[in-house]
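# Overview (structure and organization)
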Amino acid sequence: MTKSPSPQALLVTGIILISLNLRTSIASVGPLIPFIREDLGLSNGLAGFLTTLPLLTFATFSLFAPSIGNKLGMGRAVFLGIAILTVGVILRVLGGIELLLFGTALTGIGIVIANVLLIPLIKVRLPQKLGLMTALLATMMSLFAAVAAGVSVPLAVDLNWGWRGSLASWAVFMMVALLFWIPQLSRPKAEMHTNSSPAKNVWKSKLAWQVTIFMGCQSVMYFTLTAWLPDMLVSRGWSPVEAGAMSSVMQLISLIGSYFAPTILIRLKQQSGVILAVGLGYIVGFAGLFFDSEWIVYFSLTIIGLGMGASLSIAYTLISLRTAEDKTTAKLSGMVQSSGYYLAALGPFLFGFSLDIFGDWDILIWFLIFFSLLFIGFGMAAGRDRKI
């Protein structure tokens, strides 16, 4: 007689399947921007807005995600988030610019509800596996972001699905995740520890703002480079397939950083030294993009990829390490992903706008180096051993 999976095994499987869907709908867009721009007649600014729009919805709905989690229960709220994401992914390919923008906004709403609540859910349900599950969350996000970036153009061109079919294909994985998450819907609604202290006012905490701006800086760098790296490489003579593949390789490399960073961080009293090392790596990597040599670009994107994976895991881990109560963790998660993503939303759009005006790709590199310096400054402050 086959033994049924344990509730914990089902939860871990569900978290993994949910996490792999949290970036595919965004990462798949960057390599397809030239096709979308040509088909719908978009400017560079509006094309950049396609990546900025989900970040704006991230930022706005992050504020409401903890309340949604309290009302529905975090398990049910995560299911709702992935359902909204699935609808958005399908809707955005069914029409013209208006439906594309509306569907893209829905994807952002769905992602952020699930993203904000998975962190406190892990802390409550799997406290002994906090480092491992945070690592798996960030790693699966990065892995499938890499897969999405790498296969989007082949799906569109080689399989002749077009950009619409390529983007819509990710809904299949979302439906699978929803199916495996069904057992969590029957679990008790009150998921946060009811005997914990009241949530702190994170908006008045200097430490909370340091964590938030740190998250914003890493998000600016990730989403701006993800959106525009393929286009930059194409402008230097790379084919769209090669450019998409390079973006995918960078994100595959990020898996190393995203998996190992949380395990290291939770063993350290302070995380500032790790953050300084990652930030300096960013500066070296971005500076290498000034050169046209392919091997220098490969080397630079390897360093950047390691940093991107590590910095996402660091940001998620700091949300747990810098808070004492479950409810404060949820509040900080919402604040970090709200204010942080408002900052991140500026990146792809501002660069796309500047590219329309100046036509100079070096602006992208200087932009990223500037945020690397902010990443170091706010990250070292957020990495000190304190609690909100």
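Residues numbered from 1 in each chain as written. Predicted model: local features only at pLDDT ≥ 70, side-chain atom pairs only at ≥ 80, totals over all residues. Heavy atoms only, no water.

## Examining the overall build of the protein
Selection rule: Only DSSP runs of H or I reaching four residues or more are called helices, and only runs of E reaching two or more are called strands; each is numbered from the N terminus. Atoms counted for the radius of gyration: C-alpha only. Globule rule: 2.2 Å times the number of residues to the power 0.38. Exposure categories follow from relative accessible area, calculated using a 1.4 Å probe and restricted to protein chains: below 20% of the type maximum is buried, above 50% is exposed, and the middle band is partly exposed.
Along the protein, the regular secondary structure elements total 16 helices and zero strands. Its C-alpha atoms give the protein a radius of gyration of 20 Å, near enough to 21 Å, the size a compact globule of 388 residues would have. Seen through its principal axes, the protein has C-alpha atoms that stretch 60 × 45 × 40 Å. Here the protein holds 388 residues, and 59% of them are scored as buried.

## Section: the packing of helix α7 (residues 97–125) against helix α8 (residues 130–157)
Helix packing geometry: the angle between the two helix axes and the distance between the axes. Note the threshold: Whenever a helix is involved, its axis is fitted only over the stretch in contact; in every case the axis is a line through C-alpha atoms, and angles between N-to-C directions fall within 0 to 180 degrees. Note that the term roughly parallel is reserved for angles under 35 degrees, roughly antiparallel for angles over 145, roughly perpendicular for angles of 65 to 115, and oblique for everything else. Handedness of each helix crossing follows the sense of rotation of the near helix against the far helix: counterclockwise by less than a right angle gives left-handed, clockwise gives right-handed. When checking whether two residues touch, look at their non-hydrogen atoms; a contact exists if any pair is within 4.5 Å.
As a packed pair, α7 and α8 sit with axes 9 Å apart at the nearest point and diverge in direction by 155 degrees. Taken together, α7 and α8 sit at an angle that is classed as roughly antiparallel. Along this stretch, α7 crosses α8, giving a crossing that reads as right-handed. On the side of α7, the interface is formed by N115, L118, I119, I122 and K123, while α8 contributes L130, M133, L137 and M141.

## A word on unusual backbone geometry
Unlike most non-glycine residues, N160 shows phi in positive territory, near 60 degrees. Within the secondary structure, N160 is located in the loop between α8 and α9 (162–168).

## Concerning the environment of S166
Here S166 is to be found in helix α9. For S166, a relative accessible area of 0% gives the class buried. Residues S166 and A148, spaced 18 residues apart in sequence, show a C-alpha to C-alpha distance of 9.3 Å. Discounting residues that sit within four places of it in the chain, S166 has contacts with L32, S152, L155, A156 and W161.

## A look at helix α6 (residues 74–91)
Condition: Each residue after the first adds 1.5 Å to the expected span of a helix.
With 18 residues, α6 extends 26 Å between its outermost C-alpha atoms, agreeing within 8% with the 26 Å of an ideal straight helix rising 1.5 Å per residue. Turning to α6, its buried residues number three or more, namely M74, G75, A77, V78, G81, I82, L85, T86, G88 and V89. In this fold, the buried residues of α6 make contact with α1 (7–19), α2 (24–27), α5 (65–72), α7, α9 and α10 (171–181).

## Thoughts on the environment of L312
Along the chain, the position of L312 falls in helix α14 (residues 294–321). Remark: the alpha-carbon pair of L312 and S219, spanning 93 residues in sequence, is separated by 8.0 Å. With sequence-adjacent residues up to four places away left out, L312 is seen in contact with R23, A138, M141, S142 and Q218.

## Some remarks on the packing of helix α3 (residues 33–40) against helix α11 (residues 206–235)
This is how it is decided: Ten residues, namely Ala, Val, Leu, Ile, Met, Phe, Trp, Tyr, Cys and Pro, are considered nonpolar, four, namely Asp, Glu, Lys and Arg, are considered charged, and the remaining ones, Gly among them, are considered polar.
In the contact formed by α3 and α11, the axes pass within 10 Å of each other and the chain directions differ by 85 degrees. As summarised for this structure, α3 and α11 are arranged roughly perpendicular, according to the angle between their axes. Facing α3, whose interface residues are I33, P34 and R37, α11 presents A227, W228 and D231. Residues of the contact of α3 with α11, tallied by class, amount to four nonpolar, no polar and two charged.

## Here's the deal with the packing of aromatic side chains
Rules: Between rings of Phe, Tyr and Trp, where Trp is taken as its six-membered ring, a pair exists when centres lie within 6.5 Å; planes separated by under 30 degrees are stacked, by over 60 edge-to-face, and by other angles tilted. Whether a charge sits over a ring comes down to the Lys NZ or Arg CZ being within 6 Å of the ring centre and within 35 degrees of the ring normal.
Following the criterion strictly, the structure yields 15 aromatic pairs and no others. Between F351 and W361 the ring centres are 5.4 Å apart and the planes differ by 45 degrees, which places this aromatic pair in the tilted class. With F351 in helix α15 (residues 326–358) and W361 in the loop between α15 and α16 (362–382), the pair connects residues that are ten residues apart, well separated along the chain. A single burial state applies to F351 and to W361, both of which are buried. Among the aromatic residues, those joined into a ring-pair cluster are F214, Y282, F286 and F375. The positively charged end of R23 is found above the aromatic ring belonging to Y222, 3.8 Å away from the centroid.

## Re the domain arrangement of the protein
This is how it is decided: Domain extents, as shown, originate in an automatic or database domain assignment. Summed over both partners, the accessible area (1.4 Å probe) lost when two parts come together is defined as the buried area.
What the domain assignment reports for the protein is domain 1 (1–191) and domain 2 (198–387). Relative placement of domain 1 and domain 2: their C-alpha centres are 19 Å apart. Between domain 1 and domain 2, the residue contacts involve 47 residues of the former and 47 residues of the latter. Carbon and sulfur atoms make up 69% of the surface buried where domain 1 meets domain 2, a total of about 4000 Å² over both sides.

## As for the pattern of salt bridges
Here is the rule we go by: What makes a salt bridge here is a side-chain nitrogen of Lys or Arg within 4 Å of a carboxyl oxygen of Asp or Glu, nothing more.
The tally for this structure, following the rule as stated, stands at three salt bridges. For D39, the salt bridge is made with R164, and the minimal N-O distance between the two is 3.6 Å. A residue pair is termed long-range when its members are at least 10 positions apart, and D39 in helix α3 and R164 in helix α9 qualify at 125 residues. Looking at D39, the relative accessible area reads 46%, which means it is partly exposed. Residues R236 and D292 are paired through a salt bridge, measuring 3.7 Å at the closest nitrogen-oxygen approach.

## Brief notes about α16
The end-to-end C-alpha separation of α16 is 30 Å, in line with the 30 Å expected for 21 residues at 1.5 Å each. Within α16 the residues assigned to the buried category are L364, I365, F367, L368, I369, F371, S372, F375, I376, G379, A381 and A382.

## Describing the side chain of T323
Just so we agree on the cut-off: Nitrogen and oxygen atoms within 3.5 Å of one another constitute a polar contact, given that in protein one can donate a hydrogen and the other can accept it, and given that sequence-neighbouring residues count only through two side-chain atoms.
Within the secondary structure, T323 sits in the loop between α14 and α15. Relative accessible area serves as the criterion here: at 2%, T323 is assigned to the buried category. A polar atom in the side chain of T323 sits 2.8 Å from the side chain of T329. With sequence-adjacent residues up to four places away left out, T323 is seen in contact with K123, T328, T329, L332, K387 and I388.

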